[in-house]
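Letter by letter, the chains look like this.
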Amino acid sequence: MSASTLTAVTASKFAKLTLAHVTREYPNKLDHVLNGPLDLREPRDLHPVFLGSFDWHSCVHGYWLLATVLRLFPDVVQAREIKKLFDAQLTSSKVEAEVDYLDQPLRATFERPYGWAWLLMLAAELSRHESKNARQWSEALAPLAAAFADRFLAFLPKATYPTRVGTHFNSSFAISLALEYAQVANSEGLRKLLVIKARDWYGTDSDCQAWEPGGDDFLSPALMEAECMRRVLDAADFSSWLDRFLPRLADREPGTLFKPAIVSDRSDGKIAHLDGLNLSRAWCWRSIASSWPASDPRRSIALEAADKHLAASLPYVAGDYMGEHWLATFALLALI
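Residues numbered from 1 in each chain as written. Predicted model: local features only at pLDDT ≥ 70, side-chain atom pairs only at ≥ 80, totals over all residues. Heavy atoms only, no water.

(A) Representation of unusual backbone geometry. Residue Tyr 26 is joined to Pro 27 through a cis peptide bond whose omega torsion reads -5 degrees. With omega at 0 degrees, the peptide bond leading from Glu 253 into Pro 254 counts as cis. Secondary-structure assignment places Pro 254 in the loop between α11 (235-245) and α12 (273-289). Even without being glycine, Ser 53 reaches a positive phi, approximately 60 degrees. Locating Ser 53 in the fold gives a position in the loop between α2 (43-46) and α3 (56-72). A positive phi angle is found at Ala 210, which is not glycine, with a value near 55 degrees. Tracing the chain through its elements places Ala 210 in the loop between α9 (188-202) and α10 (221-232). (Helix = DSSP H or I, 4+ residues; strand = E, 2+ residues; numbered from the N terminus.)

(B) Representation of the state of the cysteines in the model. This structure, assessed with the given rule, holds zero disulfides. Not part of a disulfide, Cys 208 finds its nearest cysteine sulfur in Cys 284, a span of 12 Å. On the basis of relative accessibility, which here comes to 15%, the residue Cys 208 falls in the buried class. Here Cys 228 stays unpaired: no disulfide links it, and the sulfur of Cys 284, its closest cysteine neighbor, is 10 Å away. Residue classification places Cys 228 among the buried positions, given a relative accessible area of 0%. (Disulfide = S-S within 2.5 Å. Buried < 20%, exposed > 50% of the residue type's maximum accessible area, 1.4 Å probe, protein only.)

(C) Representation of empty space enclosed by the protein within the structure. Scanning the model with the defined rule gives one cavity of 30 Å³ or more in all. Considered as a void within the structure, the largest cavity measures approximately 60 Å³ in volume. Asn 28, Lys 29, Leu 30, Asp 31, Pro 43, His 47, Phe 50, Leu 51, Asp 55, Trp 56 and Phe 110 are the residues that line the largest cavity. In the lining of the largest cavity, the residues fall into six nonpolar, two polar and three charged. (1 Å grid on protein atoms, 1.4 Å probe; cavity = no way out; pocket = protein on both sides within 12 Å on 5 of 7 lines; lining within 4 Å. Points joined across faces, edges and corners; volume = space filled by probe spheres on them. Nonpolar A, V, L, I, M, F, W, Y, C, P; charged D, E, K, R; others polar.)

Purely spatial values, then, with no claim about function.
Pasting the structure below:
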């Protein structure tokens, strides 16, 4: 069995790991503006749904991981525990409190755009489930998804420039995830805006130098942009765009995109991001490879690069909480 194949055993390990932290309230790194002394409250009071996993966005994508595992492996050992968690947490009253949090002053940029995109990704995943319980979870979450979709609609027209970093603020990552929601939810207005922005921002990019990785990257600015454009262009246009953007890919250049990042200290939360970089690069390489026929030599080059990046960081999804509270999500992205 290839290390790049998602098995029921691996999915179960990811689910067990995630269930251990999505309701673990402390340590907790809040993205929180205090409007007054009454805002000095505990995480579970501020965010009754997404209170754990060290930070709000990691908790959100922890729920996405659990929902995805439950759909792909409905008989997973943790299925009952996942359903119990969702029944308790994905309720109308708790979601309403999350929406109310957003409505307070100075919170328009809360979790923009990374947390926005992951919340929409979770909503998209729940909508794929067919059980009665899942429909209830999806309906309960819908007001929060709508709130973040509205924020994208308000923000993108005034976002003159993309953010090209390798961290939470990366624009191409947010567009890629938000597109899944727009397509699943049949939100044509949001889909069109996301596609227009991606094409405007990245359509003329060429000869990417890939000055990466940075010291705390968990996304590849170059490969994430390519994956975003794969989602917004048809096959022929994407092929032409990629030939301009990475013209020496067949020669494994830029070399840095083919070499996994070195993680020197997995207890350092920022340095531990580099394990995420390796996993997200693997995801991007595998996705990009899917755009080529089997006869294209670039396909095998991309898949080889994906396997190297997976091998470098998949063994370290667990071990230290600085990576443990989020890395399984990126491992799952790379494997599904």
